[in-house]
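Chains, contacts and geometry: an overview
For reference, the chains in residue letters:
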Amino acid sequence: PNPAVAPVRAPGIAAIMADAAVVDAAVEGDVPPRWNLAHACGPRWTSASTCAFRVWAPHGEDVAVQLQEGEGEPREVPMTRDGSFWEVETTATPGMRYRIAMGSSWNDCFSTEGARLLRRDPCAREADFESTWCILHPPIRPMPPFKAPKFNELVLYELHLGSWVPTDQEGRAFAWAAEKMDYIASLGFTGIQFMPTAEFGGIWGYNSRQLLAAHGPWGSAADMRLLVEKAHAAGLAVIFDVVLNHGSSKKNTLWNWDGFGPDNCGGIYFEGEKDTPWGKRFAFHKAEVQDYLKQSCRTWIEEYGVDGLRFDSVHNMPWWLLQMLTHEIKEHYPDKILIAEITPENPAVINDAGFHSCWVHATHFDSVKLMKKFDGGDNPGKRIGMLKNMVMPHGFPNIGGVHSLLGSHDQIGDRHDGKDEGGKHRYYISRLGGRSNWHGRAQCRALFAFQNCCRGLPMTFMGTETLQENWWHVDHHHRFNWGLAEGEDAHAVEMRRLVSASNKLRTSAAGLIEDDTRFVHEDGSNTVFAVLRGSEPEKTCLCILHLGEGQWDKCDYGVCTGWGGGTKWKLALNTQAQEFGGWDGSGTPEATADDGGRININIPKWCMLIYRPA
């Protein structure tokens, strides 16, 4: 089902009431926030049965909050003006429906709505997708404690929640996915990068309607919170994708919010800003809007316990605002990772704007050039140069780049029946002849393991681990294939084994996450390339990539190790091992370096070999 046409419902009331039932009546309201924001709005519990409401409505008149319990008539409680804000404190019950009612001193909505405007609360934590009603959340409590992996220990799995679950489970995607977190953990991933889960008006999630509310067509706010808890219980860090650069181009509930909106400016949340292809930018110059964006970040971190935020399309936001956001978030939550997407990718977003890391798309596109031998990919010297830049993207620190060599949703997703950019948006295996092609499977395995040998943070899009084909979309035919994920398909089983083994080596071998990186072997004519990761013998990994049809199976290829003679090296991973879809005897289990520090070993075609000191 398309979320844009989800049935009218009041999501999550039962779940919220169950949550509220366990709240001790003696507890006085919300836990105080760690990050105080002068212009923060929304509901705030002052006791177990009393809630304070605050909204920003500079053009509002006779503003009130309407509360409804059950099917009875709403109870309207007038609010008091305080400058540009309106406030009131009243008795309430978690799970009640509520909305804001007002007149307007400048009603640009009169022709369609009349003199009395009914509005959602922009800071609601949950809302009925098809109406103006919001759902009152229970008093805020801290999430259970969780010790997230260190930033450099993150191995990320990217997923779109609504299409990761089966079609018939999309209406309860949060709850269904919560029971599947062990699947991701079993593959050796240490973190999940969720595509947007805040309420959106489009399809993939990048048209935000409510910046603080869970996406109702997938379930309740309580369900989403449980999803984070279950991920943590499986040992997985959680990163939420936040879209703070523009409002929704579809079903925008913030448009002309308090009735003001001359010349189609969008009203208080958007006036004075320009359009983007996806919706109008927020009015970043306003302190109230700045705090609205900050409150969104605060909500995900404090109320849901997420371990990091990925900021979408930050090139559509002012640089000074990025610096402000990262500075204040780091000040209040120093253990949360902040990741940016910026086009074109630029290390200044780390070195100057203050993010910890940045999505790096170039490594994916360079890998395609190598495999398809175009735009320098057929030149031996340039091929080695591309591989070096994949290992150490120019200007980026160790964790500075989030890599998806085999593609993120941007390269795999297709909204136009497989025709985006002339049909270029595909799962990587489909670029290489399909999952029935032995060479394509071997090449995907080699590139996956190579990604785990690079600096930066490796990320894999859902379905890559099973060699899913064609493209990803939210329709029935291009969603995540659970038959491949949990079935006995031989190719999927082999790829899952490789993914698990490679990911677990990444997190257990300290050299693969350290800064120290040395290029020790370059053979452009055969495309054999070796990099030494780690500075101490017990941590070191010798990573050898071969992208070619050549083969040496008599221990007759010499690789420089970067270490002195006499060191014994033991094979830790071979992507052409029989268990992964290769063959028995394809690698050399152990080798001792000669006086020049060279080991003579087997090099299979299209492989990644990782050796460690024995």
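Please read these numbers as outputs of a predicted model, since none were measured by experiment.

Definitions and limits used
Residues numbered from 1 in each chain as written. Predicted model: local features only at pLDDT ≥ 70, side-chain atom pairs only at ≥ 80, totals over all residues. Heavy atoms only, no water. Helix = DSSP H or I, 4+ residues; strand = E, 2+ residues; numbered from the N terminus. Rg over C-alpha atoms; globule rule 2.2 N^0.38 Å. Buried < 20%, exposed > 50% of the residue type's maximum accessible area, 1.4 Å probe, protein only. Areas by Shrake-Rupley, 256 points an atom, 1.4 Å probe, with all protein chains shown as cover. Lys, Arg positive; Asp, Glu negative; His and termini not counted. Charge placed at Lys NZ, Arg CZ, Asp CG, Glu CD. Axes fitted to C-alpha atoms, helices over the stretch in contact; angles between N-to-C directions. Parallel < 35°, antiparallel > 145°, perpendicular 65-115°, else oblique. Left-handed = near helix turned anticlockwise from the far one by under 90°. Contact = heavy atoms within 4.5 Å. Nonpolar A, V, L, I, M, F, W, Y, C, P; charged D, E, K, R; others polar. Core = buried A, V, L, I, M, F, W, Y, C linked by side-chain atoms within 4.5 Å. Pairing = 2+ DSSP bridges. Polar contact = N/O pair within 3.5 Å; in protein donor to acceptor, adjacent residues only side chain to side chain. Salt bridge = Lys/Arg side-chain N within 4 Å of Asp/Glu carboxyl O. Phe/Tyr/Trp six-rings, centres within 6.5 Å; stacked < 30°, edge-to-face > 60°. Lys NZ or Arg CZ within 6 Å of the ring centre and 35° of its normal. pLDDT = per-residue confidence, 0-100.

**What to know about the overall build of the protein**
- When helices and strands are counted, the protein shows 16 helices and 27 strands.
- Expected size for 614 residues packed as a compact globule is a radius of gyration near 25 Å; at 26 Å, the protein falls within 12% of this value.
- Buried positions account for 64% of the 614 residues belonging to the protein.
- With an accessible surface of roughly 22100 Å², the protein has 50% of that area assigned to carbon and sulfur atoms.
- Each charge sign in the protein was given a centre, from 60 positive and 76 negative side chains, and these centres are 4 Å apart.

**Re the packing of helix α14 (residues 438-451) against helix α16 (residues 490-508)**
- With their axes 9 Å apart at the nearest point, α14 and α16 run at an angle of 15° to one another. When the interaxial angle is binned, α14 and α16 end up roughly parallel. Like other packed secondary-structure pairs, α14 and α16 cross with a definite hand, here right-handed. Residues Arg441, Cys444, Arg445, Phe448, Ala449 and Gln451 of α14 touch α16, and the partners they reach there are His491, Met495, Leu498, Val499, Ser502, Asn503 and Arg506.
- Counted by class, the contact of α14 with α16 contains six nonpolar, four polar and three charged residues.

**A few points about helix α10 (residues 362-372)**
- Most of α10 sits inside the fold, with eight of its eleven residues counted as buried.
- Along α10, the residues classified as buried are Thr363, His364, Asp366, Ser367, Val368, Lys369, Leu370 and Met371.
- Next to the buried residues of α10 lie β17 (357-360), α11 (380-391), β18 (401-403), α12 (409-412), α13 (428-431) and α14.
- Backbone geometry just after α10 places Lys373 at a positive phi near 55°.

**Section: the nonpolar core**
- Counting 156 residues, the largest nonpolar core has Trp164, Ile184, Leu309, Phe311 and Phe450 as the members making the most contacts within it.
- If one sorts the elements of this core by residue count, α14 sits on top with seven residues.
- Not counting residues up to four positions away in its chain, the partners in contact with Phe450 are Leu387, Met390, Val391, Leu405, Phe529, Leu545 and Met608.
- Judged by nonpolar contacts, the second largest core, of 18 residues, contains Val528, Ala530, Trp552 and Cys607.

**Overview of the pairing of strand β4 (residues 75-78)**
- With four bridges joining them, strand β3 (residues 60-68) and β4 adopt antiparallel strand pairing. Counted as the bridge partner of Val65 is Val77 from β4.
- If you look at the hairpin formed by β3 and β4, you'll find six residues sitting between the two strands, and Gly70 has a positive phi there, around 70°.

**Focus: the sheet that holds strand β15 (residues 308-311)**
- Spatial strand order, β10-β11-β12-β15-β16-β17-β18-β19: eight strands in a closed barrel with parallel pairing. For this sheet the average axis-to-axis angle between neighbouring strands, irrespective of direction, equals 30°.
- Where strand β11 (residues 191-194) lies against strand β12 (residues 237-242), four bridges are found, and the strand directions are parallel. Residue Gly191 lies in a different strand from β12, and its bridge partner there is Ala237.
- Against the sheet, helix α7 (residues 287-303) makes contact with β12 and β15, and its axis sits at roughly 150° relative to β15, the strand it touches most.

**Some thoughts on the side chain of Ser220**
- Note on placement: Ser220 falls in the loop between β11 and α6 (221-233).
- A residue is classified by how much of its surface remains accessible, and Ser220, at 1% relative accessible area, is buried.
- In terms of polar contacts, Ser220 uses its side chain to reach the backbone amide nitrogen of Ala222, at 3.4 Å.

**Things to note about the pattern of salt bridges**
- Counting across every chain of the model gives 26 salt bridges.
- Across the pair Arg479 and Glu170 runs a salt bridge, and its minimum N-O distance is 3.5 Å. Placement of Arg479 in the loop between β19 (457-461) and α15 (482-486) and of Glu170 in the loop between α3 (161-164) and α4 (173-178) is noted, with a sequence separation of 309 residues between them.
- Within the structure, one salt-bridge network assembled from shared partners comprises Asp241, Arg310, Asp312 and Glu341.

**Re the sheet that holds strand β24 (residues 568-574)**
- If you trace the six strands from one edge of the open sheet to the other, you get β20-β21-β22-β27-β24-β25, paired in antiparallel fashion. A single partner strand is all that each edge strand has here, and the edge strands are β20 (517-523) and β25 (590-592). Taking each pair of neighbouring strands and ignoring which way they run, the sheet shows an average axis angle of 25°.
- Bridging between strand β21 (residues 528-533) and strand β22 (residues 541-546) involves six bridges; their strand directions are antiparallel. Considered in β22, the bridge of Val528 is made with His546.
- In the packing of α14 onto the sheet, contacts are made with β21, β22, β24 and β27 (607-613), and the angle to β27 comes to roughly 40°.

**Focus: the packing of aromatic side chains**
- Enumeration according to the criterion identifies 27 aromatic pairs in this entry.
- Relative to Phe260, the ring of Trp106 lies with its centre 5.3 Å away and its plane at 75°, an arrangement referred to as edge-to-face. On the criterion of sequence distance, the pair formed by Trp106 in the loop between β7 (97-104) and α2 (110-113) and Phe260 in the loop between β12 and β13 (275-276) is long-range, its members being 154 residues apart.
- Exposure remark for Trp106: the relative accessible area of 41% places this residue in the partly exposed category.
- In textbook terms, an aromatic cluster arises when at least three aromatic residues are bridged by ring pairs, as seen for Trp164, Trp176, Tyr183, Phe480 and Trp482.
- The side chain of Arg54 reaches across the aromatic face of Phe85, ending 4.1 Å from its centre.
- We note Arg209 situated over the ring of Phe129; from NZ or CZ to the ring centre the distance is 4.6 Å.

**Some words on the confidence of the model for the protein**
- Averaged over every residue, the pLDDT of the protein is 93; residues scoring 70 or more account for 96%.
- Residue range residues 1-26 is modelled with pLDDT below 50. Its contacts to residues more than four positions away, or to other chains, number 62 contacts.

**Looking at the packing of α7 against helix α8 (residues 319-332)**
- Packing of α7 against α8 leaves a shortest axis separation of 11 Å and a crossing angle of 35°. You can see that α7 and α8 cross each other, and the crossing is right-handed. Together, Gln290, Leu293, Lys294, Cys297 and Ile301 of α7 and Trp320, Leu321, Met324, Leu325, Glu328 and Ile329 of α8 make up the contact between the two elements.
- When grouped by side-chain class, the residues that make up the contact of α7 with α8 number eight nonpolar, one polar and two charged.

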